[in-house]
Amino acid sequence: MIKWVKERKARKSEQNRESNKERPMRPKIKFGRSLMSRYMLLILAAVLFVPVVVPVVATVFVVIINHVNPVEDAPYGDSDQITSLWAIESKKLDGSSDSIINARMKELQKKYPKSAMYRVDATGRTTMVLGGEGTKVLKSRSSKPLDMTSGKPEAPSTDVVLKWPLPTGKTEETRIPAVWTANYTVEFMKKANFRDPLTIVAFIGGGNVNKGQGFMVIEIPRNMLQKSSSNGLLEFVYFGAVMLIVFVIFIIMSVLFFAKIRKRLIHLQSAMVTPSKEGIPLPVDVRRSDEIGHLEESFNQMVHQLTGSRQREREEEQLRKRLVAGLSHDLRTPLTVIRGHMHALHKENLSEQGVHALSRMEGKMQDLGELIDNMLSFNLLASGRYTLKLERKDVLRMIREAAASWYPVWEKEEFEIDIDLPETPLIWDVDEQGLRRVLDNLFQNVVRHAASGKFIRISTEQIQGQTAVVIEDHGPGIQPDSGTKGTGLGLSIVDLLIREMGLRKRVDSSDSGVRTYLYSGKDDELEL
Amino acid sequence: MKTKLLYIEDDTEIATWVREDLEERGYEVVWLGSGEGAAEAALDCSLVILDVMLPGLDGFTVGQRLKKEHPAVPIVMLSARTSIDDKLHGLDFADDYVTKPFHPDELAARIEVQLRKAGTVVSSEAVLTLDHLSIYEQDNRIVNEQTGEEIILSGKQFHIFAYLLRHMGMIRTKEQIYEAVWNEPYLDGDKTLMVHIRHLREKLELDPANPVIIQTVRGVGYRVKKP
């Protein structure tokens, strides 16, 4: 029970925390609709139930007992009834003569045949003993039983002993002295209350008040009376059972209450972690406007805001993409025209200087075109609009193909070309166009920044158990300020693409050249 | 007869010099400012050069229609749209995609490749001379000028040599050659191609140990150098 109370408290405090958490966000919760109030109602019902249930159970129990226990079980009523009856009878006999008293007592004895009665007069002498059915009346100094069945009143001159057979099998003796001494009377009265048989003493004429006319005693076996003591246990069991049922009902209600809350919370949580195809969770249905309902509403608002911003983002993305594409196109068109005119110039008779200037211009034109290309790519890549299709591909083959297309350029620049790639394929998860772009930009960089080294080597090397592709040049190394050579857009694209494809790049730069290592970020990328 | 090309381009300035340049190279150029009437104009043309940004129908749509009506006519896209998406979209139907700004030589080379692929005789060079070899592309004849003998190649040898000739000056990896000639994916460690090239060299080269016609580019592949 204590554990349960603790649990309840824990739940309650949990509940409080939840409601506290939400309160700053949504101060307006109608109390009648809040979970808090519902929980309070539940607790209140449980607490109020105890004072209600106890009397109700007791009442119901008494009613049931009174119906279930027929009168035969307690033919003489309960002890209170007998006590008051005895007091009334004794009062009625006020001032009566002995014979009248005796007669009345005999009448009463007939009414209650299983009881024993005796009378003691004012002087303390036992004047009459009426043994009931089932009792043995013995004279203490003789074993000869008195013949009490005849009903003849007798004033015993010796002590009389009443023997009561008890339901337990024992016998209880009542010793009725011929003459009642003060000591014996006190002893008798001390025992009277707790005995079986029930012993009731009343003063003749006064009930509980001594009128100096002696007293009369009635003894009734307790099994003839209502079994109050033995019924108590049964009652307790019944009562306990009912209380238990009440508590079980309360626990079940409590558990259901929390199970419902839990279910709704889990529902909300699962809604949060299952994103739609947009990557944003779908809104949930708000069924009740309590704390969790408000939480769900807030969640929905958040989802709507997210969706809205995603929408805006997409529109901006689209706009940017269009803008860049348009810009690129608009830049390229005049470039094409310039290129054309330059080509026309070529055919003219130019001085050596003119030819030289023209070829420089053509080179720059090429760079400008590439820059525009890179700008567009970077824009798309950085905004995540460049969708990569990762496939398991032989990287070495792609490197060979890329190198093949760059070979003439390198030859033109009079590079020493050393391509040393193994025959066995190297399988990585890559996007073909993406990797091609990475390689093109890296090779381009070599031509642009390391042409003075006149050297390029493409090979593979083992790094941390992985095969890395190494592109090596003998240029001056990466300069802190590349100055006029460009914005580094090409390398930014390389880095972005490499990250997107889950690859790794490492660059060792020194005065004598740059070594660029490319390797897979995954561990399972060993050679197959 | 001159080879006729259809050139669709809305920018007059670019169109003018491209046209002039191509005409100088011995082509007859039909120029259209938009996709209108392209299908009719393409009827007697050997190749179509197509811009993407056109008034009215865009180049992609025009190209797709042209390809449907004249599947045999190669299309070279010539565009300032350089994104991968555009390129892939273009290459769905077009045979090549050249981005602006381009070098006129590059455009001419690509046109030549496409024409050769399509089987159209390249007007200017009916006979190709490579060192001691004279190659008559029209009737697939190779003559060793030193001895005057014709060199007979087996089917695969001829295919390999033709493929390298088509991409003259460019290096092709062994995977590319294998897949183009055999039409099936290259398997790692397959020596078939090497064997064929060895036999090919034995027939073509004066000194097969030091080949000059079919060069080996170490670590990359093979090429036939431009004369």
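Computed from a prediction, not measured in an experiment: that's the story for all the values here.

**Q** Explain the overall build of chain A here, please?
**A** Counting its secondary structure elements, chain A contains 11 helices and 14 strands. The buried share among the 528 residues of chain A stands at 39%. Long-range pairs, those at least 24 residues apart, make up 67% of the contacts in chain A between residues at least 6 apart in sequence. Per element, the accessible surface of chain A, about 30,100 Å² overall, is 58% carbon and sulfur.

**Q** Would you mind showing me how to read the overall build of chain B here?
**A** Of regular secondary structure, chain B possesses eight helices and 12 strands. Relative to its 227 residues, chain B shows a buried fraction of 51%. Long-range pairs, those at least 24 residues apart, make up 54% of the contacts in chain B with a sequence separation of at least 6. Working note: accessible area of chain B is about 10,500 Å², and carbon and sulfur atoms make up 49% of it.

**Q** Would you mind going over the interface of chain B and chain A with me for this structure?
**A** Interfaces are often sized by the accessible area lost when the parts come together. Counting from both sides, the interface comprises 35 residues of chain B and, opposite them, 32 residues of chain A. Taking both sides of the interface into account, the surface hidden between chain B and chain A amounts to around 3,100 Å²; carbon and sulfur atoms contribute 55%. Inspection of the region where chain B meets chain A yields five salt bridges. Residue E423 of chain A pairs with K174 of chain B through a salt bridge whose shortest N-O separation is 3.3 Å. In this assembly, chain B and chain A are joined by nine residue pairs in polar contact (both at pLDDT 80 or more). Listed by contribution, the elements that provide at least two residues to the side of chain B that touches chain A are α1 (12-24), α4 (84-91), α5 (104-118) and α7 (174-182) of chain B. A per-element tally of the side of chain B that touches chain A places α1 of chain B first, with five residues.

**Q** Just checking my understanding: could you explain the packing of helix α9 (residues 395-412) of chain A against helix α10 (residues 432-449) of chain A for this structure?
**A** Two quantities define a packed helix pair, namely the angle between the helix axes and the distance between the axes. All names here are of chain A. Running from amino to carboxyl end, α9 crosses α10 at an angle of 35°, the nearest separation of the two axes being 10 Å. Of the two possible hands of crossing, α9 and α10 adopt the one that is right-handed. When α9 is examined against α10, the residues V395, M398, I399, E401, A402, A403, S405, W406, V409 and W410 are found in contact with a partner set consisting of E432, L435, R436, L439, D440, F443, Q444 and V447. Broken down by class, the residue content of the contact of α9 with α10 amounts to 12 nonpolar, two polar and four charged.

**Q** Please explain the nonpolar core as it appears in this structure.
**A** Across soluble globular proteins, you tend to see nonpolar side chains buried next to one another. By size, the foremost hydrophobic cluster in this structure holds 42 residues, and its most contacted members are W410, I419, F443, I456 and I458 of chain A. When residues of this core are traced back to their parent elements, those giving at least two are α9, β9 (416-420), β10 (427-430), α10, β11 (455-463), β12 (466-473) and α11 (489-500) of chain A. Among the elements that line this core, the one with the most residues is α9 of chain A, at 10 residues. Apart from the residues lying within four places of it in its own chain, the contact partners of W410 of chain A are A403, F415, I417, I419, F443, V447, I456 and I458 of chain A. Among the nonpolar cores identified, the runner-up in size contains 26 residues, and L128, L153, I213 and Y222 of chain B belong to it.

**Q** Is there a simple way to think about the sheet that holds strand β1 (residues 3-8) of chain B in this case?
**A** Within a sheet, adjacent strands bond to each other through the backbone by hydrogen bonds, running parallel or antiparallel. All names here are of chain B. Pairing is parallel across the open sheet formed by five strands, whose spatial order is β2-β1-β3-β4-β5. Only two strands of the sheet have a single neighbouring strand rather than two, namely β2 (27-32) and β5 (96-99). Taking the axes of each pair of neighbouring strands and ignoring which way they run, one obtains an average angle of 20° across the sheet. Relative to strand β3 (residues 47-50), β1 is paired through four bridges, and the arrangement is parallel. The residue of β3 that forms the bridge with L5 is L47.

**Q** For this particular structure, what's the right way to read the packing of aromatic side chains?
**A** All names here are of chain A. A complete count under the given rule lists 14 aromatic pairs over all chains for this structure. Centroid distance W180 to Y184: 5.4 Å. Interplanar angle 65°. Geometry classified as edge-to-face. With relative accessibility at 7%, the residue W180 sits in the buried group. With relative accessibility at 17%, the residue Y184 sits in the buried group.

**Q** Mind showing me how you'd approach the side chain of E472 of chain A here?
**A** Counting through the fold element by element, E472 of chain A comes out in strand β12. With sequence-adjacent residues up to four places away left out, E472 of chain A is seen in contact with F455, I456, R457, V514 and R515 of chain A.

**Q** Which parts of the structure should I look at to understand the confidence of the model for chain B?
**A** Within chain B, residue pLDDT values average 84, and 96% of them lie at 70 or more. If you check the scores for this complex, the pTM reads 0.52 and the ipTM reads 0.70.

**Q** Honestly, a positive patch on the surface in this entry has me stumped. Any pointers?
**A** All names here are of chain A. Taken together, the side chains of K260, K263, R287 and R288 define a basic patch exposed on the protein surface. Among the structural elements, K260 can be located in helix α6 (residues 228-273). Relative accessible area serves as the criterion here: at 39%, K260 is assigned to the partly exposed category.

**Q** Help me out: how do you make sense of the environment of W410 of chain A in this one?
**A** Residue and element names in this part refer to chain A. Structurally, W410 is set in helix α9. Classification of W410 as buried rests on a relative accessible area of 0%. In this structure, the C-alpha to C-alpha distance between W410 and K454, residues 44 residues apart in sequence, is 8.4 Å.

What counts, and where the lines are drawn
- Residues numbered from 1 in each chain as written.
- Chains lettered and ligands numbered in written order.
- Predicted model: local features only at pLDDT ≥ 70, side-chain atom pairs only at ≥ 80, totals over all residues.
- Heavy atoms only, no water.
- Helix = DSSP H or I, 4+ residues; strand = E, 2+ residues; numbered from the N terminus.
- Buried < 20%, exposed > 50% of the residue type's maximum accessible area, 1.4 Å probe, protein only.
- Contact = heavy atoms within 4.5 Å.
- Areas by Shrake-Rupley, 256 points an atom, 1.4 Å probe, with all protein chains shown as cover.
- Buried area = accessible area lost by both parts, 1.4 Å probe.
- Salt bridge = Lys/Arg side-chain N within 4 Å of Asp/Glu carboxyl O.
- Polar contact = N/O pair within 3.5 Å; in protein donor to acceptor, adjacent residues only side chain to side chain.
- Axes fitted to C-alpha atoms, helices over the stretch in contact; angles between N-to-C directions.
- Left-handed = near helix turned anticlockwise from the far one by under 90°.
- Nonpolar A, V, L, I, M, F, W, Y, C, P; charged D, E, K, R; others polar.
- Core = buried A, V, L, I, M, F, W, Y, C linked by side-chain atoms within 4.5 Å.
- Pairing = 2+ DSSP bridges.
- Phe/Tyr/Trp six-rings, centres within 6.5 Å; stacked < 30°, edge-to-face > 60°.
- pLDDT = per-residue confidence, 0-100.
- Patch = residues over 30% accessible without salt bridge, like charges linked within 9 Å, V, L, I, M, F, W, Y side chains within 5 Å.
- Lys, Arg positive; Asp, Glu negative; His and termini not counted.
- Charge placed at Lys NZ, Arg CZ, Asp CG, Glu CD.

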